[in-house]
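# An overview of the molecular structure
The lines below spell out each chain.
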Amino acid sequence: MRRRRLSAALATLTLAAALGTTATAAAAPATDDPGPLPVCATGYVCVHHDLGVVTLVPEGNRHTFDPAVRTTAVVNSTKIPYCIGGTYNTGVGPGDTFTPPVPYATRSLTPSPDGICLTTD
């Protein structure tokens, strides 16, 4: 009888420990997985809109967004730097990706062979 109670108590503790581990694993935040990286065809700068639309700008060309578009990433798959005019002005180098840390509205995309962009809006 005593052995049966001990076995039942151990089974309960084992089950509680297993459930505790499972609950902890299930509670991991979903933000740990950044998702797939944005991509862009070679020879283009790609502006990824927040609605899943992608605008492709051929190397050396400029583009104006009127009205401005909410942007999740700008991928530069060209051989020249580009300036991004928007919420704040910034640049994106050849082969680089600009992923704004805050909501960002893009108004213009301009090639910058010298790599210099205005940093104020």
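Structure report, in brief. Just so you know, these numbers come straight off a predicted model, no measurement behind them.

Turning next to the overall build of the protein. Within the protein, the secondary structure is distributed over 1 helix and 7 strands. A total of 121 residues make up the protein; the buried ones form 29% of that total. Restricting to contacts in the protein with at least 6 residues of sequence separation, those with at least 24 account for 50%. As displayed, the protein has an accessible area near 8,200 Å², and 61% of this comes from carbon and sulfur atoms.

Here we take up the state of the cysteines. In total, this model carries 2 disulfides according to the counting rule given. In this model, Cys-40 is linked to Cys-46 through a disulfide, with the two sulfur atoms separated by 2.0 Å. When the S-S torsion is 75°, as for the bridge of Cys-40 with Cys-46, the disulfide is right-handed. Accessibility classification places Cys-40 together with Cys-46 in one group, the buried group. Two residues, Cys-83 and Cys-117, share a disulfide whose sulfurs are 2.0 Å apart. On the sign convention where negative means left-handed, the S-S torsion of about -90° between Cys-83 and Cys-117 marks this disulfide as left-handed. With Cys-83 in strand β4 (residues 82-86) and Cys-117 in the segment after β7 (104-111), this residue pair connects regions lying 34 residues apart in the sequence. By relative accessible area, Cys-83 is classed as buried at 14%.

Criteria and cut-off values
- Residues numbered from 1 in each chain as written.
- Predicted model: local features only at pLDDT ≥ 70, side-chain atom pairs only at ≥ 80, totals over all residues.
- Heavy atoms only, no water.
- Helix = DSSP H or I, 4+ residues; strand = E, 2+ residues; numbered from the N terminus.
- Buried < 20%, exposed > 50% of the residue type's maximum accessible area, 1.4 Å probe, protein only.
- Contact = heavy atoms within 4.5 Å.
- Areas by Shrake-Rupley, 256 points an atom, 1.4 Å probe, with all protein chains shown as cover.
- Disulfide = S-S within 2.5 Å.

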